[in-house]
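Structural characterization, general
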Amino acid sequence: MTHDDYLSRVTQYIKADPKELEGFKALTSYHAGQYDQDESWQSLDQVIAQSEQERGGAAGKKNRVFYMALPPSVFIPVAKGLKKNVYAKEGVNRLIVEKPFGMDTESSNELGRELGALFSEEEIYRIDHYLGKEMVKNLMTLRFANIFFSQCWDRKYIDNVQITFKEPFGTEGRGGYFDDFGIIRDVMQNHLLQVLSLIAMERPISTDSEAIRDEKVKVLQCIPPIAAKDALLGQYVAANGKPGYLEDETLKNKQSRTPTFAALTLWIQNERWEGVPFVLKAGKALNEAKVEVRIQFRNVAGNLYKGTPRNELVMRIQPNEAVYIKFNNKQPGLSYQTIQSDLDLTYNSRYTEMAIPDAYESLILDVLRNDHSNFVRDDELEAAWKIFTPILHKIDQDPDLPLETYAYGSRGPASLDAFVTKYGYDRSNANYAWPVQSVSGASNKL
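Throughout this document, residue positions are counted from 1 along each chain, in the order its sequence is written. Two thresholds apply to this predicted model, a pLDDT of at least 70 for residue-level local features and 80 or more for giving and counting side-chain atom pairs, whereas whole-chain, interface and lining totals are computed over all residues. By convention in this description, side-chain values take in all heavy atoms of the structure and omit both hydrogens and water.

A closer look at the pattern of salt bridges
Put simply, the rule is: Every case where a carboxyl oxygen of Asp or Glu lies within 4 Å of a side-chain nitrogen of Lys or Arg is listed as a salt bridge. Helix and strand labels come from DSSP, where a helix needs a run of H or I of at least four residues and a strand needs a run of E of at least two; each type is numbered from the N terminus.
Under the definition given, this model contains 29 salt bridges. For Glu288, the salt bridge goes to Lys166, with nearest N and O atoms at 3.2 Å. One end of the pair, Glu288, is in the loop between strand S7 (277-283) and strand S8 (290-297); the other, Lys166, is in strand S4 (residues 158-166), with 122 residues separating them in the sequence. Linked by salt bridges that have partners in common, Lys166, Glu288, Lys290, Glu292, Arg294, Glu312 and Lys326 make up one network.

So, in structure tokens, the structure goes:
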């Protein structure tokens, strides 16, 4: 690309004041080169050095951040080129690595060894943008800054936990890429498992990044590999005028059994969570866009009010961040009927004048601040892959493993409701409506 081609490409979706956009363009430069040629990297080093000189970079503070958003096949050649030719000698270096971090335990460990030989763990930032989302970052505050949550956050009070990721579109021309990974590698082994670890981990000794990551590793090490009996897999087919997955023009294998939907149940074998199912659900071509955590509490013991639904705590990660608790109360007025209501903190109605930064904005700022709290450590990555690698290998190798079809635009496979019910989820309050009643002009006389 030419410099102008590059600027056009990176700014075409930016919504900003024209003057601010021009200022951004003036700070942005493009330099082309080959991944496997030292001369290209040396040329890049000269370009960066010239920029440092023009900006008056002080000695010892000529810091460099390298961001690798690349195909995994070139991670190591690029990292070698950077370390050999572009590594800052008068400042700190930080390397951001975009997922996927391997395909299974073995490939992830190999990638880790190769990167670890070039950059220290302190210099590496394995970025998972879900850890930069506002509601995910709020999970620790909700858990550890509210005494009423800390007292009921265990198997005695919580019946099941569901973490759901739904996209209303299919692969849409990305089938060739997606088929190599599938929905589990794409969003479950990383994004959803990160959310699970924040929900389930023990209280860290401080908010220091290593203290937080220590607890995340501990809870992941308590999760055994996912069993085939705890998995429901699906692949979308044509419906509602939309093509099926196998009809994607970029898909080379037209008999592919790659799941586009998965529901997986994980068990945490420790004192806090023994026996509580954590159900991760993710899929493409579903009925809506939504990412949320749904914590369903147990039934009230000796309940005086029969038939009342369970309490639930729901944290909506996207869209429209929100936290709400479903609870039961008396129907206002003369009736003694019990109804379900909610205590609702919806961000876009409560924080109307506040702009919530994009996840990547937040995480890149963390890199500049040298804060590893929201990045994946090497031992954490290994623990995560050990949970998923056996089921991934079984999916790749076992042609008899059930793979259900589901219609584009549906909620997923037909057996989904039966699957979550098997793990204790009570859908009796799944479609409740909070009644809003007007009393203007009404008479309260008896």
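Anyway, onward from the coordinates.
Some points on the UniProt feature "domain: Glucose-6-phosphate dehydrogenase NAD-binding" (unreviewed entry) in the protein
Selection criterion: UniProt positions are given in the numbering used here, feature names are shortened, and annotations may be inferred rather than shown by experiment.
Residues given the UniProt feature "domain: Glucose-6-phosphate dehydrogenase NAD-binding" (unreviewed entry) here are residues 1-138. Measuring from the first to the last C-alpha atom of residues 1-138 gives 41 Å, for a span that is 48% helix and 11% strand.

A word on the side chain of Lys133
For clarity, the threshold we go by: Buried residues are those whose accessible area, probed at 1.4 Å on protein chains only, stays under 20% of the maximum for their type, while exposed residues exceed 50% and partly exposed ones sit between those limits. The sign given to each residue is positive for Lys and Arg and negative for Asp and Glu; His and the chain ends receive no count. When checking whether two residues touch, look at their non-hydrogen atoms; a contact exists if any pair is within 4.5 Å.
Within the secondary structure, Lys133 is located in the loop between strand S3 (124-127) and helix H6 (134-144). An unpaired buried charge is present at Lys133: no salt bridge exists, and Asp358, the closest side chain of opposite charge, is 6.2 Å distant. What Lys133 contacts, discounting residues up to four positions off in sequence, is Ile317, Gln318 and Ala359.

Re the UniProt feature "domain: Glucose-6-phosphate dehydrogenase C-terminal" (unreviewed entry) in the protein
On the UniProt side, "domain: Glucose-6-phosphate dehydrogenase C-terminal" (unreviewed entry) is annotated at positions that read residues 140-425 here. For residues 140-425, the helix share is 30%, the strand share is 23%, and the end-to-end C-alpha distance is 24 Å.

Things to note about the domain arrangement of the protein
Many descriptions give the size of an interface as the accessible area lost when the pieces come together. Inclusion rule: An automatic or database domain assignment is the source of the domain bounds shown. Buried area is understood as the total, over both parts, of accessible area removed when two parts are fitted together, assessed with a 1.4 Å probe. Here a polar contact is taken to be a pair of N or O atoms separated by no more than 3.5 Å, where protein atoms must pair a possible hydrogen donor with a possible acceptor and residues adjacent in sequence count only if both atoms sit in side chains. Gly is placed with the polar residues, together with every amino acid not listed as nonpolar (Ala, Val, Leu, Ile, Met, Phe, Trp, Tyr, Cys and Pro) or charged (Asp, Glu, Lys and Arg).
We note that the domain assignment places domain 1 (31-129) and domain 2 (133-423) within the protein. In this complex, domain 1 contributes 22 residues to the contact, which on the side of domain 2 involves 30 residues. Between domain 1 and domain 2, the buried area comes to about 2500 Å², and carbon and sulfur atoms account for 58% of it. The residue Lys99 makes a salt bridge to Asp186 at a minimum N-O spacing of 3.4 Å. At the junction of domain 1 with domain 2, the criterion picks out 17 residue pairs in polar contact (both at pLDDT 80 or more). For the side of domain 1 that touches domain 2, the secondary-structure elements that each account for two or more residues are strand S1 (64-68), strand S2 (93-98), helix H5 (105-118) and S3. Sort the elements by how many residues they give to the side of domain 1 that touches domain 2 and S3 lands first, with four residues. Residues belonging to the side of domain 1 that touches domain 2 are distributed by class as follows: nine nonpolar, five polar and eight charged.

Quick notes on the packing of aromatic side chains
Formally: Whether two aromatic rings pair depends on their centres lying within 6.5 Å, for rings of Phe, Tyr and Trp, where Trp uses its six-membered ring; planes under 30 degrees apart make the pair stacked, over 60 edge-to-face, and the rest tilted. Whether a charge sits over a ring depends on NZ of Lys or CZ of Arg being within 6 Å of the ring centre and within 35 degrees of the ring normal.
Enumeration according to the criterion identifies 15 aromatic pairs in this entry. On the numbers, 5.1 Å between centres and 65° between planes, the contact of Phe419 with Tyr423 is edge-to-face. The structure contains a cluster of three or more aromatic residues connected by ring pairs, namely Phe178, Tyr236, Tyr245, Phe261, Tyr406 and Tyr408. Over the face of the ring belonging to Tyr130 we find Lys133, whose NZ or CZ atom lies 5.1 Å from the ring centre. Cation over ring: Lys330 sits above Tyr336, and NZ or CZ is 5.5 Å from the ring centre.

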